[in-house]
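Each chain is listed here by its residues.
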Amino acid sequence: MTSRAERWALAPVALLLLDAEVRVLDANHEFLRMIEVPDVEAVAGRRLADLLTVGGRIYWETHVSPLLHIEGRVDEVAVELRTPHGREPVLLTATEREVRGERLVEVAMLSARERSRFEQELVGARRAAEDAERRVRLLHGIAADLASVAGLDGVVWVLLRTAVTLLGAGDAALWTAQESGPLRRWGGAEALAAPTIDELTEPAVREDGTVVVPLRTAGALLGVLALAPRRAAGADPLDLGTAAAAGQLAALALARATTHEQSVSVASELQGAMLSDGIVDDPAVEISARYRPGVHDLQVGGDWYDTFRVAPDVVALSVGDVVGRGLKAATSMGQLRTAVRAASDTGLPPEEVLGRLDRFVDRTGTGFMASLVYAELDLGRGALRYTCAGHLPPLLVPADGDSHYLWEARSTPLGVRGTTPRVADTVALAPGDLLLLFTDGVVERRDRPLGLALDELAEIVTNALEAGLDGEDLLAAVVARAPQDDDACLLAVRWLGPRTTDGPAPAVEPTAGSAGGPSADEERPG
Amino acid sequence: MEVRERNNVRTMGPEDGPTMVFAHGFGGDQSMWRYVAPVFATDHRVVLFDHSGCGASHPTAYDPDRHADLSGYVADVVEIVEAVADDPVTLVGHSVSAMIALLAAAERPDLFDRLVLVGPSPRYIDDDGYHGGFTAAEIDELLETMDANYLGWTQAMAPVIVGNPDRPALGDELAEVFRRNDPAVARKFARVTFLGDNRADLVRVRTPCLVVQSRVDVIAPLEVGHFVHEHLPDSDLVVIDSVGHCPNLSHPALLVAAMRDWLGGDRW
């Protein structure tokens, strides 16, 4: 039978006896075998920390040793021994006891090669899962932010901001490709150097940790994003893979922004061209118009104004609004505006013009739900026949009296079969009377009843007139008070009185749909 | 949140005594001072706390941005001192908290009248003509070792609090404390601790300092202690006959004696 000392020496676990300064006093065979030394003399007097890898040494000093002092024992700590052939992962348990006033530490170690490999796989898998989850969450955040903007400026702003807030960059710069000439730079400190030729091809990490990602779709270079790492010692290095994935989102957003801006510019040019010929020139009347696009998302709306002659001395006025925004709304607007010209005819009452437009909408699908005010002004007598299809009423500002809205002759928007028939009404204008047709973007609704909003508009107009403004200046003053986010379209018509060279003016018949009220002729003889 | 709750601030000793604040180092919590703080509590108002992300600090105390470098920990300490004392205090910092103490005193000299620095190191990684004790690759290895203990982390650190007689039994709350002390936070704290470089800050500190250096310390070697002493405008260096980075646990009597000697000395 072997002695207890022999059994200690031959035990199938690595055993160490250390002194108070954690130096080796004794070691058993298993320990010597593990670190591949022939006998105890080879390690006697050496500190345990020196037999561990550096990581293990720091861990021992900062975690294990304090625990030993406080608890008198530590269990299952994973460290690595240094051996001639590399590292030997072990699980270490240690206890501390006092023998005759002397502090002794006893250590047992089990090889953890297999367990270590398994744990590393577990840790690796867990970290990969955490990284993947973090990356997906982060890319979702960037995608959501990018989805909230449309134009190039917005996309650039979101990219520079999310580079810092989500990707963890200390600084970021973006270069975007232009139709001609060099890349255009946005943001970033000067220390962030422009990309090199090589960096235009593949994502790369510079020596200082800066990550550079070319932004490409379908092979075309749209820009380059550069992310500088944060300087703080504890900051994580930037992740090339995440940056590259974010770069793909960025490239798509840039492509979309470019397409969007082209579409915006086509639409606004188209709209401008379509509205350019809409003012009748006649000494009996002063006509001015103003169209101001909304700043909401850079897209043009479907508002229009138009004036044209239906007879030598009858001028037709139309102001309307097609549902929607952008290129499609602009083209629909153009078609409908032309359809109004085609539908009107000498002697055809306004309500029948609307009937023709309804059929146009039915057949083509264009302009469904569009709203419209259509009026014909007899330049010789000042008689105004008007009708509103789902549109806000015109504002009449008499030369000598209080302004009021023309609330008669109302029916549904185009293409909508309501219970009310298409109707028209007639009012007689006096020389100097001003008529204002407008779209709903001119009226500041906020969350209040329409009546109050219209009262305010009337007051704005009255005040501007009293301040001596007229024509274009008057409309500019009114538009300046309109909400900025929506399109605003205004047409002002002032009848100056009959032309002296006129022949007999055609009679004005009250229309069938007139809701009564004094006849224009009776009240204001021409 | 109230600072005392955020950083689990505890006080002991006479209310009217001079205030002495203890800041623990990397890898532990306030119980690292269990053999030292009670000795000073006989004639000082002793203040202990847990750094954000350590011990029983509040789960929301740690902020990855605020604590991405030492400045967040410095701000924590400044707020704690402002909350607990009206007059300048003696701040005792161990390991990384020695650097935190120096940075705090450089920022706010009005809050501190003396600093005790136990095992300070302004930079752990070797540099041109500077011996910090480690290469960059070795620090990476430490981070790997910490990862290797990822699974066993909770079990390894829990007894530090369980066995602390200064604090009431935490019972079931204990497991919760450790669940929220995310190993990822400890890993970040390791990066902040071991990758920083604060050598240039030493000269900014006007507060009188005592540098306490273990005779043998693989984390903060003797020559680093000398470097700190030589670059601080007003400091004394005491080398105590201890081995290891935590003389506060392994050789508390030597540390206490060195502190008593210096604090009670007639250098003023």
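Located above this text is the structure these notes cover.
All of the points below concern the structure found in this document. (Residues numbered from 1 in each chain as written. Chains lettered and ligands numbered in written order. Predicted model: local features only at pLDDT ≥ 70, side-chain atom pairs only at ≥ 80, totals over all residues. Heavy atoms only, no water.)

## Let's talk about the sheet that holds strand β2 (residues 24-27) of chain A
Residues and elements named next belong to chain A.
- A sheet is described by the order of its strands in space; here 5 strands give the open sequence β2-β1-β5-β4-β3, paired in antiparallel fashion. Of all the strands in the sheet, the pair left with one neighbour each is β2 and β3 (73-83). Across the sheet, the mean angle from the axis of one strand to that of its neighbour is 30°, orientation sign disregarded.
- Relative to β2, strand β1 (residues 14-18) runs antiparallel, the two sharing 3 bridges. Bridging from a neighbouring strand, L16 pairs with A27 of β2.
- Packing of helix α4 (residues 54-71) onto the sheet brings it into contact with β3, β4 (86-99) and β5 (102-111), and relative to β3 it is tilted by some 155°.
- In this fold helix α5 (residues 113-147) packs onto β3, β4 and β5, with an angle of close to 110° to the strand it touches most, β4. (Pairing = 2+ DSSP bridges. Helix = DSSP H or I, 4+ residues; strand = E, 2+ residues; numbered from the N terminus. Axes fitted to C-alpha atoms, helices over the stretch in contact; angles between N-to-C directions. Contact = heavy atoms within 4.5 Å.)

## Looking at a nonpolar patch on the surface
- On the surface, V323, F368 and M369 of chain A cluster together to form a nonpolar patch covering roughly 300 Å² of accessible area.
- The topology assignment puts F368 of chain A in the loop between α9 (350-364) and β14 (371-378). (Patch = residues over 30% accessible without salt bridge, like charges linked within 9 Å, V, L, I, M, F, W, Y side chains within 5 Å. Areas by Shrake-Rupley, 256 points an atom, 1.4 Å probe, with all protein chains shown as cover. Salt bridge = Lys/Arg side-chain N within 4 Å of Asp/Glu carboxyl O.)

## Concerning the sheet that holds strand β2 (residues 19-23) of chain B
Residue and element names in this part refer to chain B.
- If you walk across this open sheet you meet the 7 strands as β1-β3-β2-β4-β5-β6-β7, and the pairing is mixed. This sheet does not close on itself; its edge strands, each paired only once, are β1 (10-12) and β7 (235-243). Taken pair by pair, the neighbouring strands of this sheet meet at an average axis angle of 20°, ignoring direction.
- As defined by bridge partners, β1 adjoins strand β3 (residues 45-48) across 3 bridges and the pair is classed as antiparallel. Bridge pairing in β3 places T11 opposite V47.
- Along the sheet, helix α4 (residues 96-107) contacts β2, β4 (89-94), β5 (112-118) and β6 (209-216); its crossing angle with β5, the most-contacted strand, is approximately 160°.

## Topic: the pairing of strand β15 (residues 383-389) of chain A
Residues and elements named next belong to chain A.
- When you tally the buried positions in β15, you get 7 out of 7 residues, the bulk of the element.
- Alternating positions in β15 separate into two faces, A383, R385, T387 and A389 on one and L384, Y386 and C388 on the other, with burial throughout.
- Across 6 bridges, β14 lies against β15 in antiparallel orientation. Pairing of L377 across the sheet is with L384, part of β15.
- From the end of β14 to the start of β15, which pair antiparallel, there are 4 residues, and G382 there has a positive phi angle of about 85°.
- In the sheet, β15 pairs with strand β18 (residues 410-411) via 2 bridges, with the strands oriented parallel. Residue A389 lies in a different strand from β18, and its bridge partner there is S411. (Buried < 20%, exposed > 50% of the residue type's maximum accessible area, 1.4 Å probe, protein only.)

## Regarding the nonpolar core
- Grouped together as the largest cluster of nonpolar side chains are 89 residues, with contacts concentrated most on M109 of chain A together with F112 and L115 of chain B.
- Excluding its chain neighbours within four sequence positions, the residues that come into contact with F112 of chain B are V77, V81, P88, V89, L91, A104, A105 and T207 of chain B.
- By size, the runner-up hydrophobic cluster in this structure holds 56 residues, among which are A316, A339, V373 and Y386 of chain A. (Core = buried A, V, L, I, M, F, W, Y, C linked by side-chain atoms within 4.5 Å.)

## A few points about the pairing of strand β13 (residues 314-325) of chain A
All names here are of chain A.
- β13 sits mainly inside the fold: 9 of its 12 residues count as buried.
- Counted along the chain from strand β12 (residues 301-311) to the antiparallel partner β13, the turn is 2 residues long.
- Note: β13 against β14, 8 bridges, orientation antiparallel. Looking at the pairing, S318 lines up with Y374 of β14.

## Describing the packing of helix α3 (residues 70-84) of chain B against α4 of chain B
Residue and element names in this part refer to chain B.
- It is at 9 Å that the axes of α3 and α4 come closest, and there the two elements cross at 70°. Viewed along their axes, α3 and α4 adopt a mutual orientation that is roughly perpendicular. Judged by the twist between their axes, the crossing of α3 over α4 is right-handed. Contacts between α3 and α4 pair L70, Y73, V74, V77 and V78 from the former with V96, M99, I100, L103, A104 and E107 from the latter.
- Its residues assigned to classes, the contact of α3 with α4 shows 10 nonpolar, no polar and 1 charged. (Parallel < 35°, antiparallel > 145°, perpendicular 65-115°, else oblique. Left-handed = near helix turned anticlockwise from the far one by under 90°. Nonpolar A, V, L, I, M, F, W, Y, C, P; charged D, E, K, R; others polar.)

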